[in-house]
Amino acid sequence: MKRGFIFDLDGVIVDTAKYHYLAWKNLANQLGFDFTKEQNELFKGVSRKRCLEILLEIGNREATQEEFDTWMVEKNVDYLKYIENMDASEILPDVPRVLEFLKENNIPIALGSASKNAQPILEKVGLLHYFDAIVDGNNVTKAKPNPEVFLLAAKQLNVLPEECVVFEDAVAGVQAANAAKMMSIGIGDKNVLAEAQLIFTDFTEISTNFIKDLIEK
Ligand code: B16
Ligand code: MG
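About the criteria used
- Residues numbered from 1 in each chain as written.
- Chains lettered and ligands numbered in written order.
- Predicted model: local features only at pLDDT ≥ 70, side-chain atom pairs only at ≥ 80, totals over all residues.
- Heavy atoms only, no water.
- Donors = N, O, S within 2.8 Å, 3.2 Å for Na, K, Ca; no water.
- Helix = DSSP H or I, 4+ residues; strand = E, 2+ residues; numbered from the N terminus.
- Buried < 20%, exposed > 50% of the residue type's maximum accessible area, 1.4 Å probe, protein only.
- Near = heavy atom within 4 Å.
- Polar contact = N/O pair within 3.5 Å; in protein donor to acceptor, adjacent residues only side chain to side chain.
- Nonpolar A, V, L, I, M, F, W, Y, C, P; charged D, E, K, R; others polar.
- Core = buried A, V, L, I, M, F, W, Y, C linked by side-chain atoms within 4.5 Å.
- Domains from an automatic or database assignment.
- Contact = heavy atoms within 4.5 Å.

Let's shift gears to the coordination of the magnesium ion (ligand 2). Summarising the metal site, the magnesium ion (ligand 2) is bound by the protein donors D8 (OD), D10 (O) and D169 (OD), whose distances to it range over 2.0 to 2.1 Å. Counting residues between consecutive donors of the magnesium ion (ligand 2) along the chain gives the motif D-x1-D-x158-D. Taken together, the positions of D10 in the loop between β1 (4-7) and α1 (17-30) and D169 in the loop between β4 (164-168) and α8 (171-179) put the pair 159 residues apart, joining distant regions of the chain. Assessed through its relative accessible area of 16%, D10 is described here as buried. Accessibility expressed as a relative area gives 14% for D169, which makes it buried.

As structure tokens, this is what we get:
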């Protein structure tokens with residue numbers, strides 16, 4: 001019987017990866033090198049700080065602490081411009097159906113995201129009211145695959161980790177859910193997310209009966 005449901009944000013609820021990509025690419029170009037969509041895959045579920053470290057490795061660039069901090073801010077300012085006009089049309093297919101079903105059944109729902117921009121994004125797309133707890137990049141010290149983000153979410157929902165289900169699109173996120181001893185459900189590519197207990201391409205493949213069974217059995 002599952003009593004708590006935890007959703008990752010980027011790649012599960014909305015596709016903000018495309019905006020992160022544009023902002024990182026702009027920074028890379030400004031620093032004199034290119035950044036491809038394939039390389040952007042490495043950034044999914046990864047903290048902003050770690051993303052910049054990887055970006056600098058890709059471009060073979062050194063940075064002083066001051067430059068590093070400035071580029072982190074610049075990237076985020078740029079990213080915020082891209083997400084400024086997000087609305088409900090950017091919610092990934094059938095996410096509202098699943099959230100609504102959980103709400104109707106009084107099942108607590110949490111967000112477990114690495115993003116420091118998670119709350120304003122949920123607000124913009126009109127989903128914030130579904131969430132009983134929000135744990136994001138502002139609340140955690142250890143990034144996925146460390147289970148901290150999901151363990152904190154379970155605690156805030158007042159549910160045991162074993163009673164939680166996690167929806168994740170990133171390998172590091174699936175590993176974090178597994179390390180937290182939660183049921184990991186991968187959203188995306190079966191080959192990439194092979195470590196997840198169950199994998200679906202997207203929420204259109206997740207029936208209401210399937211969620212009902214998770215809650216009742
Ligand atoms: P921010 P998630 C993650 O979100 C993204 O997948 C990752 O690409 C991004 O670097 C990270 O959030 C931090 O985001 O710069 O907004 O704090 O998938 O954990 O919801
Ligand atoms: Mg994600």
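Bringing the site of ligand 1 into the picture now. The full set close to ligand 1 counts 18 residues, and V46, A114, S115, K116 and N117 are the nearest of them. Within the side chain of S113, a nitrogen or oxygen atom sits 2.7 Å from an oxygen atom of ligand 1. The side chain of N117 places a nitrogen or oxygen atom 2.7 Å from an oxygen atom of ligand 1. At the level of secondary structure, the elements contributing two or more residues to the shell around ligand 1 comprise α3 (48-58) and α4 (65-83). Its residues assigned to classes, the shell around ligand 1 comprises 6 nonpolar, 5 polar and 7 charged.

Counting residues in each nonpolar core, the largest one holds 39 residues, and the members touching the most others are F5, F7, I13, F131 and F167. A total of 5 residues in this core trace back to one element, the largest contributor, which is helix α5 (residues 95-104). Taken domain by domain, this core gets at least three of its residues from each of domain 1 (4-15 + 87-216) and domain 2 (17-83). Dropping the residues within four chain positions of it, F167 is found in contact with F5, I6, F7, D8, V12, I185, I187, F203, I206 and I211. Among the nonpolar cores identified, the runner-up in size contains 17 residues, and A133, V140, F150 and A176 belong to it.

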